[in-house]
Amino acid sequence: MPGMKMPGNFFLVGLMGAGKTTVGRALAKAAGKTFHDSDHEIEARTGARIPTIFEMEGEAGFRQREAEAIAELTQLKNIVLATGGGAVLNPVNRAHLRRNGYVIYLCATPEELYQRTCHDKNRPLLQTADPKARLAELYAIRDPLYREVADLVMDTSQQSVNSLLQLLLKELERKS
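Quick caveat: nothing in here was measured; it's all calculated off a predicted structure. (Residues numbered from 1 in each chain as written. Predicted model: local features only at pLDDT ≥ 70, side-chain atom pairs only at ≥ 80, totals over all residues. Heavy atoms only, no water.)

**Here's the deal with the nonpolar core**
Next, step 1: Ranked by size, the top nonpolar core spans 45 residues in total, and within it Phe10, Val13, Leu27, Ile104, Leu168 and Leu172 carry the most contacts.
Next, step 2: Breaking this core down by element, the ones donating at least two residues are strand S1 (10-13), helix H1 (20-31), helix H3 (50-73), strand S3 (79-82), strand S4 (102-107), helix H6 (131-149), strand S5 (152-155) and helix H7 (161-175). (Core = buried A, V, L, I, M, F, W, Y, C linked by side-chain atoms within 4.5 Å. Buried < 20%, exposed > 50% of the residue type's maximum accessible area, 1.4 Å probe, protein only. Helix = DSSP H or I, 4+ residues; strand = E, 2+ residues; numbered from the N terminus.)

**Quick word on the packing of H1 against H7**
Next, step 1: For the pair H1 and H7, the least separation of the axes is 10 Å and the interaxial angle reads 55 degrees. With respect to H7, the element H1 is oriented oblique. Our pair here, H1 against H7, has a crossing hand that is right-handed. Side by side, H1 and H7 meet where Thr22, Val23, Ala26, Leu27 and Ala30 of the first sit next to Val161, Leu164, Leu165, Leu168, Leu169 and Leu172 of the second. (Axes fitted to C-alpha atoms, helices over the stretch in contact; angles between N-to-C directions. Parallel < 35°, antiparallel > 145°, perpendicular 65-115°, else oblique. Left-handed = near helix turned anticlockwise from the far one by under 90°. Contact = heavy atoms within 4.5 Å.)

**Some words on H7**
Next, step 1: Helix length check: H7 (15 residues) gives 21 Å between terminal C-alpha atoms against 21 Å at 1.5 Å per residue, within 8%.
Next, step 2: Looking at the buried residues of H7, the elements they touch are S1, H1, S4 and S5. (Expected span 1.5 Å × (residues − 1).)

**Considerations on the confidence of the model for the chain**
Next, step 1: Of all residues in the chain, 89% have pLDDT values of 70 or greater, and the mean over the chain is 88.
Next, step 2: Mean pLDDT across the secondary structure elements of the chain bottoms out at helix H5 (residues 110-117), with 80, and peaks at strand S2 (residues 34-37), with 98. (pLDDT = per-residue confidence, 0-100.)

**Quick word on the pattern of salt bridges**
A side chain of one charge can pair with a side chain of the opposite charge when the charged atoms of the two come close.
Next, step 1: Enumeration over the complete set of coordinates arrives at 12 salt bridges.
Next, step 2: The salt bridge involving Glu137 is made with Arg134; its shortest N-O contact spans 2.5 Å. Highlighted residues: Glu137 and Arg134, both in helix H6, separated by 3 residues, approximately one helical turn.
Next, step 3: One continuous salt-bridge network, built from bridges that share partners, spans Glu41, Arg45 and Glu72. (Salt bridge = Lys/Arg side-chain N within 4 Å of Asp/Glu carboxyl O.)

**Observations concerning the packing of aromatic side chains**
Within a pair of aromatic rings, the relevant descriptors are the distance that separates the centres and the angle that separates the planes.
Next, step 1: With the rule as written, the count across this model stands at 3 aromatic pairs.
Next, step 2: Look at Phe10 and Tyr102: their rings are 6.1 Å apart centre to centre, the planes differ by 85 degrees, and that puts the pair in the edge-to-face class. With Phe10 in strand S1 and Tyr102 in strand S4, this residue pair connects regions lying 92 residues apart in the sequence. The pair Phe10 / Tyr102 is uniform in exposure class, with both members buried.
Next, step 3: Residues Phe54 and Phe62 carry aromatic rings whose centres are separated by 5.0 Å and whose planes lie at 35 degrees to one another, so their mutual orientation is tilted.
Next, step 4: By relative accessible area, Phe54 is classed as buried at 14%.
Next, step 5: With relative accessibility at 3%, the residue Phe62 sits in the buried group. (Phe/Tyr/Trp six-rings, centres within 6.5 Å; stacked < 30°, edge-to-face > 60°.)

This is the structure in structure tokens:
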């Protein structure tokens, strides 16, 4: 299956720690597409890390930059795009994703996400007294939005990237 050409764009959505960037890179390689990450794009454009943007401009300033990046990135062809976890909060972002590609929701339980993110200081929304509770809160708000926009839901809990990639490729092949 590696190197196979699949038509269209694939957009990955899900909470922080779900595996969007890691799975996205592997999927892009396997499907013969170019990989993009909206958070990395924002950092490249601003010359600042995401936590610094949050600190300087607040979440609203970051979300505006994110909307601009997603509007542009979703116009590209033959890509895999890993979106930021909060990208789905904006209805315009959801519309861009739905209209311009096949949306894959990588989901995992808040507990699993906490295990993956608990040592990562580059996640501004988790810099709280109780990051586990914050993840559960974000999950409750965002899970319905991820499901609304998704063409496919993949559970990333308890799976290696390789086994998840193989399942994902089989599913995508079935749909094409």
